[in-house]
Amino acid sequence: MTSPLTLAHSSCPNDTFVFHALTHGLLPGAPATDLRIADIDITNGLAQQGELDVLKVSYGVLPYVLGDYALLPCGGAVGRGCGPLVLGRRAGDPATALTGARVAVPSTTSTAYLLFRLWAARAVPGGVGETVVMPFHEIMPAVRDGAVDAGLVIHEARFTYGHYGLHCLTDLGEEWEKDTGLPIPLGAIIARRSLGAERLTALSAAVRSSAQAAWSSPAASRPYVLEHAQELATDVVDQHIDLYVNSFTADLGAEGLAAVRALLDRSAEQGLLPAVPEGALDFPGPAAA
């Protein structure tokens, strides 16, 4: 009997929504899973340790793990109008506000931080000051209270930062789309290459089917999604899912892969990440339709 696949993803509504059917055994013939829910910074570290079979990670981690893990063509977070934001206490010119600024970030391994560094390299010629890593839920209060000058935020903060009296200094996703014409690559689903092409293909089909099941019957996953999003209002949960679960979740496609390649190549050119060889992003089996 095949052992369950060890799987880790975050408690964010997009992940619990997409993976609900798979992790709850609702898909006949799909692989069994042993789920661990953890913050993205933790899953990024677990991927680099090579401990689990399947993980949700930041795209910025891919260059460090592609030797052992393959990128699945579905299940992740790529989209438009969904990028990270840089927030401050006052509205104003971002170059002026961020020059020498103390900026709180949720992680230095996140795609959000990578997008921030790529943008700041050209948009803040005077250079950003100190970077302070702190738990995501502490960032907006820290900016509001003056503990830091600015904060890099993701996901639901897009809908809630006004509650803290904060202002958006720049929308990094908007800047990325303007600069590249491509969607924003945020979170990837990776699986251990040693599973082999057949199991990877079956897993890819199961992840896609899980997303389709969530779209077809959103009420089925609703209690589970809300259970893991206890601090979020239900309307924020709905906005979160609508924004981050989209056609790229079902299939990265050529455009999604082009966005991933652009992010990794630009980061390598700036010395922020190791270069990713040609072919390293290719799925090692036929992706299920």
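Residues numbered from 1 in each chain as written. Predicted model: local features only at pLDDT ≥ 70, side-chain atom pairs only at ≥ 80, totals over all residues. Heavy atoms only, no water.

Caption draft 1: The environment of Leu200, seen in detail. With respect to the secondary-structure elements, Leu200 resides in helix H9 (residues 196-216). Taking the relative accessible area as the measure of exposure, Leu200 reaches 1% and is therefore buried. Sequence spacing of Leu200 and Leu71 is 129 residues, and the spatial spacing of their C-alpha atoms is 9.9 Å. Ignoring anything within four residues of it in the chain, the contact list for Leu200 reads Ala70, Leu72, Ala191, Arg192, Arg193, Leu195, Phe283 and Pro284. (Helix = DSSP H or I, 4+ residues; strand = E, 2+ residues; numbered from the N terminus. Buried < 20%, exposed > 50% of the residue type's maximum accessible area, 1.4 Å probe, protein only. Contact = heavy atoms within 4.5 Å.)

Caption draft 2: Fine view of the packing of helix H10 (residues 218-227) against helix H11 (residues 234-244). Closest axis-to-axis distance for the H10/H11 pair is 11 Å, and the angle between their directions is 110°. The orientation of H10 relative to H11 falls into the category roughly perpendicular. For the pair H10 and H11, the sense of crossing is right-handed. Each of Arg222, Val225 and Leu226 in H10 lies in contact with H11, whose residues at this interface are Thr234, Val237, Asp238 and Ile241. Taken together, the residues of the contact of H10 with H11 break down into 4 nonpolar, 1 polar and 2 charged. (Axes fitted to C-alpha atoms, helices over the stretch in contact; angles between N-to-C directions. Parallel < 35°, antiparallel > 145°, perpendicular 65-115°, else oblique. Left-handed = near helix turned anticlockwise from the far one by under 90°. Nonpolar A, V, L, I, M, F, W, Y, C, P; charged D, E, K, R; others polar.)

Caption draft 3: Spotlight on helix H8 (residues 172-180). Restricting attention to buried positions, one finds in H8 the residues Leu172, Gly173, Glu175, Trp176 and Glu177. Residues of H8 that are buried make contact with strand S6 (85-88), helix H5 (111-123), strand S9 (150-153), strand S10 (167-171), strand S11 (184-192) and helix H13 (253-269). You can read the cap of H8 off the contacts: a side-chain oxygen lies 3.0 Å from the backbone nitrogen of Gly173, and it is on Asp171. Downstream of H8 by one or two residues, Gly181 has phi in the positive range, about 75°. (Polar contact = N/O pair within 3.5 Å; in protein donor to acceptor, adjacent residues only side chain to side chain.)

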